[in-house]
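Below, each chain spelled out in residue letters.
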Amino acid sequence: MSFIKRHIAISMFALIIPYMVHAQDGRIEINAAISTAGTYMLTDYDFNTSDNDSKGSDGMLNSLKEESYDSKVYPSVSVEMAYRLSDNGMLRRWSLVGMTGFHFADYEPKSIINGSYGKQKAIKTDALLGVRFRIMEKSHLTMYSQAMVGIDFRNGSDYWTVTGCTHSQSSNELVYQLTFLGLRVKIGRRSSHLGIMTELGYGSEYALGSMIFFLPGIRAGVSYRF
C-alpha cells in the first residue's frame, strides 16, 4: 500500500500546480473518467511461443516456462485537470493540463511442467503534464485537442518484465498521451458547472491497439468547472 500512497501523492501534487499558479473562477476544470487500457497494457500476450522452433525441445520447454502466462487487463481510471491561461489575447484558447492515471491487471505465470506459479496484481500509476488547445468553445459545448508527457510508477509484479522490453521493473518509463479530439457538454442551465466529457486518443492512458499505430481509445466521465 505504501507504493500506491506514495505515487498517488506525487501524481496529485502535479495536478494541483495550476491552483498554485493563479486560480480564478471559471479557469479550472477537473474531470474523472474511465477508459480503455493504454498502449503498455496492449503489448500483452498469452502463451507466447515465438522463436521456439529454432531452440529444439529443451529450448522450447524453457521458453514456455519463462514466457507463458494468463492475464486480465482492467479498464483504467484517471483524473485530469486543465487550467485556462487567459481569457483574451493569443493564449485565450490554450490551457495547461495534467493527468494522473491508475492501471491494473491480473497476472498468472504458468509452466507446462509445473503449472501455475501463483497470481499477481500488476499496478501502475502515471503522472503527465501538457497543453490543451480549445478548437471551439460555446455555452454548452467545448471541443479540444491536447498532448501530455510524463512518467510512470510500477509495483514489483513480474507482469512488467514480460509485456515488453520497455516495461521492466528496474526503471520508470517516459509516457505520453495524445488526445485527438475531446468533447465537453455542459449539463443544466447556463450557470451550471457540471458536464460530461469524452476523449479519443492514443498513448499510455488509453488506446485500442499497439500493432496499428494511432488506433484511438476512448475515455469518458464527468467534468466540473470552478
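This is a predicted model, so every value here is computed, not measured.

This paragraph deals with the overall build of the protein. The secondary structure content of the protein amounts to four helices and ten strands. Mapped from its N terminus to its C terminus, the protein presents α and β elements in the order α-α-β-α-β-β-β-β-β-β-α-β-β-β. Partitioning the contacts of the protein with sequence separation of at least 6, the portion at a separation of at least 24 is 66%. Only carbon and sulfur atoms are counted for the fraction: they give 64% of the accessible area of the protein, which is about 11,700 Å².

What follows deals with the pattern of salt bridges. Across all of its chains, the model carries 14 salt bridges by this definition. Arg134 is the salt-bridge partner of Glu137, the closest N and O atoms lying 3.2 Å from each other. Linking Glu199 and Arg219 is a salt bridge whose minimum nitrogen-to-oxygen distance equals 3.3 Å. Here the residue Glu199 occupies a position in strand β9 (residues 194-203), and Arg219 occupies one in strand β10 (residues 217-225), the gap between them amounting to 20 residues. Comparing Glu199 with Arg219, the two get one shared label, buried. The structure contains a network of salt bridges with shared partners spanning Glu29, Glu80, Arg84, Arg132, Arg134, Glu137, Arg184, Glu199, Arg219 and Arg225.

Let us now look at the confidence of the model for the protein. Here the protein averages 79 in pLDDT, while 67% of its residues score no lower than 70. Ignoring residues within four places in sequence, the model shows residues 45-65, a span with pLDDT below 50, making 27 contacts including any to other chains.

Turning our eyes to something else, we now look at the environment of Arg84. You can see Arg84 is positioned in strand β3 (residues 76-84). In sequence terms Arg84 and Val131 are 47 residues apart; their C-alpha atoms lie 9.9 Å from each other. Within the structure, Arg84 has its side chain in polar contact with the side chain of Glu137 (distance 2.8 Å).

This brings us to the pairing of strand β6 (residues 120-137). As paired elements, β6 and strand β7 (residues 141-154) share 13 bridges and run antiparallel to each other. Looking at the pairing, Leu128 lines up with Gly150 of β7. Adjacent in sequence and paired antiparallel, β6 and β7 are bridged by three residues.

Take the nonpolar core next. Formed by Tyr40, Tyr69, Ala105, Tyr107, Ala122, Tyr159, Trp160 and Val162, the largest nonpolar core amounts to eight residues. Those elements that provide at least two residues to this core are β4 (94-111) and α4 (159-162). Per-element accounting of this core gives the leading share, three residues, to α4. Residue contacts for Tyr107: discarding those within four places in its chain leaves Tyr69, Asp70, Gly118, Lys119, Gln120, Ser157, Asp158, Tyr159 and Val162.

Turning to the pairing of β3, a few remarks are in order. Here β3 lies mainly inside the structure; seven of its nine residues are buried. Taken together, the eight bridges between strand β1 (residues 28-35) and β3 define a ladder with antiparallel strand orientation. Bridge pairing in β3 links Ile28 to Tyr83.

So, on to the packing of aromatic side chains. Scanning all chains against the criterion turns up four aromatic pairs. Relative to Tyr159, the ring of Tyr107 has its centre 5.9 Å away and its plane inclined at 75°; by these criteria the two rings are edge-to-face. Highlighted residues: Tyr107 in strand β4 and Tyr159 in helix α4, separated in sequence by 52 residues. Here the basic side chain of Arg132 rests over the ring of Tyr144, its NZ or CZ set 3.8 Å away from the ring centre.

Turning next to the environment of Ala127. As for its placement among the helices and strands, Ala127 is situated in strand β6. A C-alpha to C-alpha distance of 8.2 Å links Ala127 and Val149, two positions 22 residues apart in sequence.

Calculation criteria
Numbering of residues starts from 1 in every chain and runs along the sequence as written. Residue-level local features of this predicted model are given only where pLDDT is at least 70; pairs of side-chain atoms are given and counted only at 80 or more, and the full residue set underlies all totals for whole chains, interfaces and linings. Values reported for side chains reflect all heavy atoms of the structure, with hydrogen atoms and water molecules removed beforehand. Comment: elements are numbered from the N terminus, with helices defined as DSSP H or I runs of at least four residues and strands as E runs of at least two. Note on contacts: a residue pair is in contact if any heavy atoms of the two residues lie within 4.5 Å. Areas reported here follow the Shrake-Rupley algorithm with a probe of radius 1.4 Å; residue values treat only the protein chains shown as occluding. A pair is scored as a salt bridge if a Lys or Arg side-chain nitrogen falls within 4 Å of a carboxyl oxygen belonging to Asp or Glu. Each residue is assigned to one of three classes by its accessible area relative to the maximum for its type, calculated with a 1.4 Å probe on protein chains only: buried under 20%, partly exposed between the two thresholds, exposed over 50%. pLDDT is defined as a per-residue confidence score from the predictor, taking values between 0 and 100. Definition of a polar contact: a pair of N or O atoms within 3.5 Å, with one able to donate and the other able to accept a hydrogen when the atoms are protein atoms, and with sequence-neighbouring residues admitted only if both atoms are side-chain atoms. DSSP calls a pair of strands paired once it identifies at least 2 bridges connecting them. Nonpolar cores were defined as sets of buried Ala, Val, Leu, Ile, Met, Phe, Trp, Tyr and Cys residues, with membership established by side-chain atoms within 4.5 Å. To pair, rings of Phe, Tyr and Trp, with the six-membered ring standing in for Trp, must have centres within 6.5 Å; the planes then decide the type, stacked if under 30 degrees apart, edge-to-face if over 60, and tilted in the middle. A ring is scored as having a charge over it whenever the NZ atom of a lysine or the CZ atom of an arginine sits within 6 Å of its centre and within 35 degrees of its normal.

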